[in-house]
Amino acid sequence: MNFHLKSLKIGFLGAGHMSQAMIKGLLENGLDANKIYVSNRTPGKLQKLSESHKVQICSSNEELVETCDVVIIAVKPQDLLAAIEPISQAFLERQIVISLAAGLRMDTLEKHLPQCRLVRLMPNTPTLISKGLIGYLTHDEDEALKTVVEDLCAPLGSVFEMSDEDQFESFMIACSSGTGFVFELMTYWHEWMIEHGFDEEIAQKMTIETFLGASLLAQKSPDLGLEELQSRVTSKKGVTSAGLESMRELEIERALRISFEKAALRNKEMSRLIK
Ligand SMILES: NC(=O)c1ccc[n+]([C@@H]2O[C@H](COP(=O)([O-])OP(=O)(O)OC[C@H]3O[C@@H](n4cnc5c(N)ncnc54)[C@H](OP(=O)(O)O)[C@@H]3O)[C@@H](O)[C@H]2O)c1
């Protein structure tokens, strides 16, 4: 098989949010719409994608698998096995299959598609604006496969290979679910500012700029670590210092750690349910 990304036919099984984000990123980065194929349970999204992005539509998942070199399975985790079981024989020996499903471990994928080269991939939602973080895990050491995955994901953000399944799942909690956790914190900022008299729209803008500014400053100061950056906003016995002291007394870190662990536990439960 030729592993140059532009020569491969890329298939998306499931045409939901994540497929649409990935397709948009790939097209914006010069992949030919003739090389992108999509199938979906119901036809509505396919029609729209074909009109908006001129991608190729497959009338069944089986047709998609038979047509494509790389199959990205982008259905909800609870729908994945039902989607692939009836067509598992259609997958070719060493065909590349990329699963986006949380809670579906590599050994479960291997059980259902033992003939394929398997990848677990976890993008977070900033992928939608090419600012994503994408973690991936392959089921064996396969440099050519890693190159395909990295080339495929490069237009969507920063791509990182995970060393094992535990690391993959920690990445998923901190960076994919983590995006949701950051929005939760931003909501608290936003509400506090509204309570203190700011117009809703302005409060939202200021909240976003506070998080964005801090992140960009950290990004642009790689030599300074987060603690040093924090100490530069904090004078002894000053205003920021009083707030930080209270955050530490209230054990916000402990509360967040518990939330991360709860999310990890839910992920384990889901893995047990989907076998
Ligand atoms: N969205 C995210 O931020 C995000 C982040 C990381 C990972 N993921 C993962 O990406 C995957 C997709 O998530 P999503 O947010 O894109 O979900 P979504 O918007 O609900 O899309 C899922 C799509 O799968 C289709 N589908 C379901 N069963 C099918 C089948 N048997 N054959 C063909 N198509 C089928 C659905 O079709 P209908 O139109 O008929 O419903 C729907 O269009 C999930 O595994 C999720 O865990 C998502």
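An account of the accompanying structure is given in this report. Since this is a predicted model, take the numbers as computed values, not measurements. (Residues numbered from 1 in each chain as written. Predicted model: local features only at pLDDT ≥ 70, side-chain atom pairs only at ≥ 80, totals over all residues. Heavy atoms only, no water.)

Here the focus is the site of the ligand. In the vicinity of the ligand, 24 residues are found, and the nearest of them are M18, N40, T42, K45 and V75. In the model, an oxygen atom of the ligand is placed 2.9 Å from a nitrogen or oxygen of the R41 side chain. A distance of 2.6 Å is found between an oxygen atom of the ligand and a side-chain nitrogen or oxygen belonging to T42. More than half of the atoms of the ligand fall within 2 Å of the grid points belonging to the second largest pocket. Put simply, the parts of the chain that give the shell around the ligand at least two residues each are α1 (17–28), α4 (77–84) and β6 (117–123). Broken down by element, the shell around the ligand gets its largest block of residues, three residues, from α4. For the shell around the ligand, a count of residues per class yields twelve nonpolar, eight polar and four charged. (Near = heavy atom within 4 Å. Polar contact = N/O pair within 3.5 Å; in protein donor to acceptor, adjacent residues only side chain to side chain. 1 Å grid on protein atoms, 1.4 Å probe; cavity = no way out; pocket = protein on both sides within 12 Å on 5 of 7 lines; lining within 4 Å. Sits in = over half its atoms within 2 Å of the grid points. Helix = DSSP H or I, 4+ residues; strand = E, 2+ residues; numbered from the N terminus. Nonpolar A, V, L, I, M, F, W, Y, C, P; charged D, E, K, R; others polar.)

Let us now look at the environment of L26. Here L26 shows up in helix α1. Assessed through its relative accessible area of 2%, L26 is described here as buried. Along the primary structure L26 and H196 are separated by 170 residues, whereas in three dimensions their C-alpha atoms are 43 Å apart. For L26, the contacting residues outside a window of four places in its chain are F12, L31, I36, L152 and P155. (Buried < 20%, exposed > 50% of the residue type's maximum accessible area, 1.4 Å probe, protein only. Contact = heavy atoms within 4.5 Å.)

Without other data, these values stay purely geometric and don't point to any function.
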